[in-house]
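So the chains spell out like this:
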Amino acid sequence: MGDAATIESTGVLARMAEAGRLGDLVAPTSAARADLEAAGRRYARPLHVEICGRPGTGRDTLARAMRERLAVSAIGPGESTGPAADADLWIHLLGGPPRRADHDLLSSLPADRTIVVLGKADTHGEPSVAAAVAADCARSLGVEVPAVSPLLACSDLADEEFVYLRRLAAAGAKMPPMTGRFLTGTLAEGPDRPGSEPSGGDERALRTGLLRRIDRFGIATALRLIAAGGPAGGSAGALNRALHELSRLDRLVPPIRGRVERVRFWRLAELRAALELTAARGHDRETIEHLLRAGGV
Ligand SMILES: Nc1nc2c(ncn2[C@@H]2O[C@H](COP(=O)(O)OP(=O)(O)OP(=O)(O)O)[C@@H](O)[C@H]2O)c(=O)[nH]1
Ligand SMILES: [Mg+2]
């Protein structure tokens, strides 16, 4: 990649591949054309992120959140089918201060394309607590560590759940300190104490579903937002959007953008290797070698 001619040639290669015109470099009848087209398609494939980390840190949830909220192709351990080598970027998800297993995993990932993230930020309660934990992680690892709550980014409460939350909020209910008390219905602090009656089967199912979908902090936040009378209390959609924002998934965008050039660099290296292989097979060898070596086509 050192001399000017190679850099210029790389520029042409990248431009042709990005325009989906790599195949045009050779005649329509050339035996190399299919190879070039396949290499071009591979070069132009969408950015793909693999989520790593210790089990239970929320890897599959983060992958889903990134797909749904950031429109990025992301995959967690529960969905992995192909070889891991297809990833462009890796996110290492932490559940708290890094442990031995985190250090071991991190040392096996490409440092220039790995982003370390603190997940389940909501479980720390106040955002400032999660921020302090993330800052400790950042200090100990020597990299930036954004804190995010992927579960909130996936919030897709249905109308029925929203109406139920609104009913609880209207009665002044708040999330009790013990999750078990939410499930049994003893969560009311308001004058009507609506939850102090044993809840029926349907209600218990609703509560179980809510805990699974947005967990304690999500429920507490939803009740607070609805009680405050703001737009989030207007509809299930508005409440979901408010929870998406609180997830702070947007914190992942700058570190991803910051690594796009590195991704491009590695994809070009892969593209050049594929073209070298095609040239070695002898098809349109001169054209391809010229493209790889010289300043343009
Ligand atoms: N409160 C909270 N819970 C979360 C968050 N992300 C994931 N979880 C929960 O953590 C549990 C594990 O989530 P997964 O996404 O399956 O995590 P994983 O790392 O793939 O873990 P395993 O599949 O168990 O190996 C689930 O109950 C999730 O709902 C989050 O941001 N906040
Ligand atoms: Mg999982």
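Summary of the structure given here. (Residues numbered from 1 in each chain as written. Chains lettered and ligands numbered in written order. Predicted model: local features only at pLDDT ≥ 70, side-chain atom pairs only at ≥ 80, totals over all residues. Heavy atoms only, no water.)

So, the site of ligand 1
Around ligand 1 sit 14 residues in total, of which Arg59, Asp60, Thr61, Asp122 and Asp215 are the nearest. The backbone of Leu151 places a nitrogen or oxygen atom 3.0 Å from an oxygen atom of ligand 1. Coverage of ligand 1 by the protein chains reaches 70% of its 640 Å² of free accessible surface. Looking at the shell around ligand 1, the elements that each hand over two or more residues are α3 (59–70) and α6 (150–153). In terms of residue count, the dominant contributor to the shell around ligand 1 is α3 (3 residues). Of the residues belonging to the shell around ligand 1, the class tally is 3 nonpolar, 6 polar and 5 charged. (Near = heavy atom within 4 Å. Polar contact = N/O pair within 3.5 Å; in protein donor to acceptor, adjacent residues only side chain to side chain. Areas by Shrake-Rupley, 256 points an atom, 1.4 Å probe, with all protein chains shown as cover. Helix = DSSP H or I, 4+ residues; strand = E, 2+ residues; numbered from the N terminus. Nonpolar A, V, L, I, M, F, W, Y, C, P; charged D, E, K, R; others polar.)

Description of the packing of aromatic side chains
Per the stated rule, a full pass over the model turns up 1 aromatic pair. Ring geometry for Phe265 against Trp266: centres 5.4 Å apart, planes inclined by 90 degrees, an arrangement best described as edge-to-face. With relative accessibility at 30%, the residue Phe265 sits in the partly exposed group. Under the relative-accessibility criterion, Trp266 is labelled partly exposed at 37%. Against the face of Phe182 rests Arg207, its NZ or CZ located 5.3 Å from the ring centre. (Phe/Tyr/Trp six-rings, centres within 6.5 Å; stacked < 30°, edge-to-face > 60°. Buried < 20%, exposed > 50% of the residue type's maximum accessible area, 1.4 Å probe, protein only. Lys NZ or Arg CZ within 6 Å of the ring centre and 35° of its normal.)

A look at the pattern of salt bridges
Going through the model one piece at a time under the given rule, you end up with 25 salt bridges. In this structure, Asp35 and Arg281 form a salt bridge, with 2.6 Å as the shortest nitrogen-oxygen distance. On the criterion of sequence distance, the pair formed by Asp35 in helix α2 (residues 33–43) and Arg281 in the loop between α12 (260–280) and α13 (285–293) is long-range, its members being 246 residues apart. Connected via shared salt-bridge partners are Arg42, Arg45, Asp86, Asp88, Arg267 and Glu270. (Salt bridge = Lys/Arg side-chain N within 4 Å of Asp/Glu carboxyl O.)

A short note on the pairing of strand β1 (residues 48–53)
Of all 6 residues making up β1, 6 are buried, and the element is well covered by its neighbours. Burial along β1 is two-sided: the face carrying His48, Glu50 and Cys52 and the face carrying Val49, Ile51 and Gly53 are both buried. Handedness of the β1-α3-strand β2 (residues 73–75) crossover: right-handed. Judged from the 5 bridges that link them, β1 and strand β3 (residues 89–94) form a sheet pairing that is parallel. Across the sheet, the residue bridging to Val49 is Leu89, located in β3. (Right-handed = clockwise from strand over helix to strand, strands pointing away. Pairing = 2+ DSSP bridges.)

Brief notes about α13
Because an α-helix packs 3.6 residues into every turn, residues spaced three or four apart end up facing the same way. Those residues of α13 that fall on the buried side of the exposure criterion are Ile288, Leu291 and Leu292. Projected down its long axis, α13 carries its buried residues within an arc of 95 degrees, all on one side. With respect to the buried face of α13, the exposed residues turned more than 90 degrees away are Glu286 and Arg293. (Arc of directions from axis to C-beta.)

Note that every value here comes from positions in space, so none of it alone points to a role or purpose.
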